[in-house]
Amino acid sequence: MLPRVRHALRRLRRAPAFALAASLTLALGIGATTTVFGVVEGVLLRPLPYVEPARLVDLSHTLDIAGIARVDQSDATYLEYRRANGVFTDVGAYRATAVNLGPIRGPGAGGEVEPERVAAAVTTASTFAVLRVPPLRGRVFGEGDDRPGAAPVVLIGERLWERKYGADPGILGRRLEIDGVAREVVGIMPASFRFPASETALWIPTAIDPARTESATFDLRAVARLRDGVSPAAATADLQRLLLRVPESFPGRLTVASIVQTHMRAVVRPLREVVVGDVGRVLWVLLGAVGAVLLVACANVANLFLVRAEGRQHELAMRRALGASRGALLADLLPEALLLAGAGGALGLALAVAGGQVLRSLHGTVDIPRLAEVGVDATVLAVAIAATALAALVVSAIPALRAGTTELSATLMEGGRSATAGRRRHRARQALVVAQVALALVLVAGAGLMARSFAKLRAVRPGFDAAHALTVRVALPAARYADSASAARFFVRALDAIAALPGVEAAGVVSKLPLDPEARRDTALFVEDRPLEPGQLPGIHQVAYASPDYFRALGIPLLEGRVFDRPDPTRAPHEVIVSRVVAERYWAGGHAVGRRVRLAPRGEWYTVVGVAGDVRGTGLEEPPDETLYLPLVTAPGDAGSTARWAPREVAVVVRGAAGPPTVGASVARVIRALDPAVPVYRAAPMSEVVARAGARTSLTLLLLGVASIVALALGAVGIYGVISYVVSLRTREIAVRLALGARPGEVHRMVSRQAMTTAAVGVGVGLAGALATTRSLGALLFGIAPTDPATLGAAALLLLAVAAAASWLPARRAAAMDPAQALRAE
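Presented here is a report on the structure given in the accompanying data block. What you are looking at is a predicted structure, and each value in this text was computed from that prediction instead of being measured.

1. Points about the overall build of the protein chain
Here's step 1: Of regular secondary structure, the protein chain possesses 25 helices and 21 strands.
Here's step 2: Classification of the 826 residues of the protein chain by burial places 51% in the buried group.
Here's step 3: A separation threshold of at least 6 residues defines the contact pool for the protein chain, and within that pool the share at least 24 residues apart is 82%.
Here's step 4: Accessible surface computed for the protein chain: about 35,300 Å², of which carbon and sulfur atoms make up 59%.

2. Examining the side chain of Glu 575
Here's step 1: Checked against the element boundaries, Glu 575 lands in strand 16 (residues 575-579).
Here's step 2: Here Glu 575 falls in the buried class, since its relative accessible area comes to 13%.
Here's step 3: Leaving out residues up to four positions away in the same chain, Glu 575 has contacts with Arg 562, Phe 564, Asp 565, Tyr 606, Thr 607, Val 609, Tyr 629, Leu 630 and Pro 631.

3. Details of the packing of aromatic side chains
Here's step 1: Tallied over the full model, the rule gives 13 aromatic pairs.
Here's step 2: Judged by centre distance (6.3 Å) and plane angle (35 degrees), the ring pair of Phe 193 and Phe 195 falls under tilted.
Here's step 3: An angle of 75 degrees between the planes, with centres 5.0 Å apart, marks the rings of Phe 551 and Tyr 629 as edge-to-face. Taken together, the residues span a long stretch of sequence, with Phe 551 in helix 17 (residues 550-554) and Tyr 629 in strand 19 (residues 627-630) at a distance of 78 residues.
Here's step 4: What links up through ring pairs into an aromatic cluster is the set Tyr 50, Tyr 94, Phe 128, Phe 141, Phe 193, Phe 195 and Trp 203.

4. What about the sheet that holds strand 11 (residues 469-475)?
The strands making up a sheet are joined through hydrogen bonds of the backbone, oriented either antiparallel or parallel.
Here's step 1: Strand order in the open sheet made by the 4 strands is 12-20-11-21, with antiparallel pairing throughout. Looking at the sheet topology across the chains shown, the edges are occupied by strand 12 (504-510) and strand 21 (680-685). Ignoring strand direction, the axes of neighbouring strands in this sheet form an average angle of 20 degrees.
Here's step 2: Direction of pairing for strand 11 relative to strand 21: antiparallel, over a ladder of 4 bridges. Considered in strand 21, the bridge of Leu 470 is made with Pro 685.
Here's step 3: Along the sheet face, helix 16 (residues 484-499) touches strand 11, strand 12 and strand 20 (649-656) and points at about 160 degrees away from the line of strand 12.
Here's step 4: Each of strand 11 and strand 21 is contacted by helix 20 (residues 686-693), which is oriented at about 85 degrees to strand 21, the strand it contacts most.

5. Some details on the pattern of salt bridges
Here's step 1: In this structure the tally under the stated criterion is 33 salt bridges.
Here's step 2: In this structure, the salt-bridge partner of Arg 225 is Glu 52, at a minimum N-O distance of 4.0 Å. On the criterion of sequence distance, the pair formed by Arg 225 in strand 9 (residues 221-226) and Glu 52 in the loop between helix 2 (16-45) and strand 1 (56-62) is long-range, its members being 173 residues apart.
Here's step 3: Its relative accessible area of 40% is what places Glu 52 among the partly exposed residues.
Here's step 4: Between Glu 143 and Arg 82 there is a salt bridge whose closest N-O contact spans 3.0 Å. Taken as a pair, Glu 143 in the loop between strand 4 (137-138) and strand 5 (153-157) and Arg 82 in helix 3 (residues 75-84) lie far apart in primary sequence, 61 residues in all.

Conventions and cut-offs
- Residues numbered from 1 in each chain as written.
- Predicted model: local features only at pLDDT ≥ 70, side-chain atom pairs only at ≥ 80, totals over all residues.
- Heavy atoms only, no water.
- Helix = DSSP H or I, 4+ residues; strand = E, 2+ residues; numbered from the N terminus.
- Buried < 20%, exposed > 50% of the residue type's maximum accessible area, 1.4 Å probe, protein only.
- Contact = heavy atoms within 4.5 Å.
- Areas by Shrake-Rupley, 256 points an atom, 1.4 Å probe, with all protein chains shown as cover.
- Phe/Tyr/Trp six-rings, centres within 6.5 Å; stacked < 30°, edge-to-face > 60°.
- Pairing = 2+ DSSP bridges.
- Axes fitted to C-alpha atoms, helices over the stretch in contact; angles between N-to-C directions.
- Salt bridge = Lys/Arg side-chain N within 4 Å of Asp/Glu carboxyl O.

By themselves, these are just geometric observations and shouldn't be taken as functional.
Structure (structure tokens):
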């Protein structure tokens, strides 16, 4: 084998241009495939980092009301499922949140530090028993840590420990101020523990008192570990049985009648499916796209090898005449292909490493779970090696097979350029070009569909004016702002100070910012003049708590009525502003202002004082939310209740003539001047919030677009190479035609016609392939069909135009040929 490798190296050194073109082409294909497979492996295929992850399941509910596909756990359902189930070894409950992280408290602590808002999880101790991940240092929560009245403790993550505390082991036993409460650090979790989300930095125990539960809050998620031999379907049946027992065990708002009326059902799903979500179809589409790029690259290099093999046709034919088998010819050609593919694979792997770093940097801006875990591991490396070996086999096997099927007599006779032999050799190259054009068309069609979908998504009006608007988040620690009046007083003072800043036109706060799916809060709505029929269920609508100037600050039009009065921390006005879709649903053709609604069956009546324009609350591709806007201070209890409630985590929206960075810095100074312990975070122009809502679509478009451009370029190179070589093979024929009086224009058309015929066949095959494969994009598209004829037609025309451009230079050279010189050379 070594002599063959040395011989192959000598041949490649004599053809540096060929070696560079082939290795770079393969590097593009292998690098793109390895990069995207690394994402697929890290996000979809790699097991979750827990003990026996296949036995971990997510527990939720579904009910047939208002399109709600997921309802989480209440205290009561969690306690009942954990206590009485026969299918799980244990059940844990948790809630993703964010907390204000302050300084270390106690002897030897440093001075005051600026508070930081960090991602956290409030969780039961049983969650760690379910996941079975040991701490890096210290201990995890025990059963006593999540009981009412237990000492306040906290677990921190390794990344936070290293970043904020310099990996000081002495942090164990120290007390951190979290939301104004000093909590003892009892353990440090390893960096691989990314539960429930990649950005989670610390964990706080939640206290669930069985004697004081609420059966219908549904604000907890649950994770469980299946017993040996139990399937998710069997677990679902067991939980459905227990669900009907919850009202008896924990009397409250959740009743058997409400369970039956809403068709409430328990749902048990593998935890991995819940973590990954719906991103799988995006990644599989992208992997298919880069796989097609790899095939195009292999076809291109195989074409180069075919052309290169033409120079050795006498040698290969002689060896076949002397009895050499196709395997022997393949063994001779394979070292050269392996060297080129190896060089391309090494460069492609370097591109994959760089591409992985770029994709990891997008974590937090693109809605792809586990993106921070993406990297080149042993599995990805094995795929890169396999892609390299496959490429080497493909590009070497085709010339070997062609040599094995060529007529020896036609090849060995002097000149070796019989029309029959030339046509047969040319068919193989044409077949490769047809494959290149077809694959390129599929990719271009997919990219075109995504581009048109993205354009339609960008054209969607979000319902507010993002220009000159900025948002920042503010979260008040509950320990410092224990009652709604103190929280409302802070926001009123902050808004007054922000509104007085130079260049600020309007400032408001809201508990749920548009295009933010995380802060969603829903409620049932009971309408005074639309009483429910027996067994009829109330509508479920989103609730947002807003200050009066919020609508002006964000540019949401007021279609009818007025906004709220200035907030009074001591008073909870029973007023509500509804969005246009809510008004049309209940009072179509009439006026909504002055109507009365309830947020609970026996709650206080709220008077509609205004109708606001619709906004897209969840995503640009989703319909406008049916939203109820309530004042900052409300009375959410039953009639006669004196309870008051105000949000403590809000988005401040500021509209001003100054640039967003200037306004954002001024807002931060105002908040810190009022209370240095309140963090200001996630500052961003509203235009950036809108752009982030389409980030996954734009990333898919970018990657598909790059793949289609690469495939298009390789296809053009393939057409150019084949036509150029055909012209060289037909030099004598073209020269004779010109000598006998053929016009240059006729020769030009003849050569171009041959190229366009090959391209047309490829376009036809590609259209059939596009019709079959672009259906997989259906779930990713917005406002356009996956078989849109205009997009497919434009892609076909683009490929034909590229083919015409690629064939123009060879056709021009053929038409400009001097027949006398050509015949003398022949």
